[in-house]
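# Descriptive structure summary
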Amino acid sequence: MPVVCVASLTLFFFVLLGLFKLARLITLGTDSLGIQSLKKAYQGITILQTPAAGECVITFRTYTGLLVIGAHQTHHLALTTADALVLLKRLHCFNLKYGWFYPGGLFIPLVSCLCYFSQTRKIRSKVAASLQDASHKGL
């Protein structure tokens, strides 16, 4: 019996949350889907046309939506390593905030975490390799 109560309360919470999001979407327009937040993620970030030595290329997906309507966007960019780490963190936070309302949104935080850690590991290994190459050239 307690399991049924907890499940009912959880379902009620998500339905109420969805209705709140729908009302917010209707009253505020598309900005409530996170478009402004996604634009803010790029503030102060310099996007390179072609990656040179020392720069990296990242690929990250952001998810937003409203339960049955969803949109994902793939961000494939060439950046400096510092900008890449900052942007990845911002995009990951965006997914944690707005990804819940994507269809199948319960899995978005997990997918986003895995992608975030994969990309940051790739960047850090590239930085370590370039530092190691620089130290070998100095010898």
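Residues numbered from 1 in each chain as written. Predicted model: local features only at pLDDT ≥ 70, side-chain atom pairs only at ≥ 80, totals over all residues. Heavy atoms only, no water.

## Notes on the side chain of His75
Among the structural elements, His75 can be located in strand 2 (residues 69-80). A polar contact is formed between the side chain of His75 and the side chain of Tyr42, at a distance of 2.5 Å. For His75, the contacting residues outside a window of four places in its chain are Leu38, Tyr42, Ile58, Thr59, Phe60, Thr62 and Leu91. (Helix = DSSP H or I, 4+ residues; strand = E, 2+ residues; numbered from the N terminus. Polar contact = N/O pair within 3.5 Å; in protein donor to acceptor, adjacent residues only side chain to side chain. Contact = heavy atoms within 4.5 Å.)

## Comments concerning the nonpolar core
Ile58, Leu79, Ala84, Leu87, Leu88, Leu91 and Ile123 are the most contacted members of the largest nonpolar core, which has 16 residues in total. For this core, the secondary structure elements donating two or more residues are helix 2 (35-41), strand 1 (55-66), strand 2, helix 3 (81-98) and helix 4 (108-138). No other element matches helix 3, which puts 6 residues into this core. Those residues in contact with Leu88 that sit more than four places away from it in its chain are Ile58, Phe60, Tyr116, Gln119, Thr120 and Ile123. (Core = buried A, V, L, I, M, F, W, Y, C linked by side-chain atoms within 4.5 Å. Buried < 20%, exposed > 50% of the residue type's maximum accessible area, 1.4 Å probe, protein only.)

## Things to note about helix 3
With 18 residues, helix 3 ought to run about 26 Å at 1.5 Å a step, and its terminal C-alpha atoms sit 26 Å apart, in line with that. Taken as a whole, helix 3 has its buried residues at Asp83, Ala84, Leu87, Leu88, Leu91, His92, Phe94, Asn95 and Tyr98. On an axial view of helix 3, the arc spanned by its buried residues comes to 160°, and they lie on one face. Seen from the buried face of helix 3, the exposed residues on the opposite side, beyond 90 degrees, are Lys89 and Lys97. (Expected span 1.5 Å × (residues − 1). Arc of directions from axis to C-beta.)

## A word on the side chain of His92
Relative to the helices and strands, His92 is located in helix 3. Here His92 is in contact with Phe60, Pro109, Ser112, Cys113 and Tyr116, once residues within four sequence places are set aside.

## Quick word on the environment of Lys40
Looking at the element boundaries, Lys40 is found in helix 2. A relative accessible area of 55% means that Lys40 is categorised as exposed. Separated by 51 residues in the primary sequence, Lys40 and Leu91 have C-alpha atoms spaced 9.9 Å apart.

## Details of the pairing of strand 1
Judged by how many residues are buried, strand 1 sits mostly within the fold: 9 of 12 residues are covered. Judged from the 12 bridges that link them, strand 1 and strand 2 form a sheet pairing that is antiparallel. Across the sheet, Cys56 pairs through a bridge with Leu79, a residue of strand 2. (Pairing = 2+ DSSP bridges.)

## Details of a nonpolar patch on the surface
Taken together, Phe13, Phe14, Trp100, Leu106, Phe107 and Val111 make up a surface patch of nonpolar side chains, about 640 Å² in accessible area. Turning to its location among the elements, Leu106 is positioned in the loop between helix 3 and helix 4. Note on Leu106: relative accessible area 58%, which makes it exposed. (Patch = residues over 30% accessible without salt bridge, like charges linked within 9 Å, V, L, I, M, F, W, Y side chains within 5 Å. Areas by Shrake-Rupley, 256 points an atom, 1.4 Å probe, with all protein chains shown as cover. Salt bridge = Lys/Arg side-chain N within 4 Å of Asp/Glu carboxyl O.)

## Details of the confidence of the model for the chain
Averaged over the chain, the pLDDT score is 83; the fraction of residues at 70 or greater is 88%. When mean pLDDT is taken per element in the chain, helix 3 scores highest with 93 and helix 1 (residues 2-28) scores lowest with 74. (pLDDT = per-residue confidence, 0-100.)

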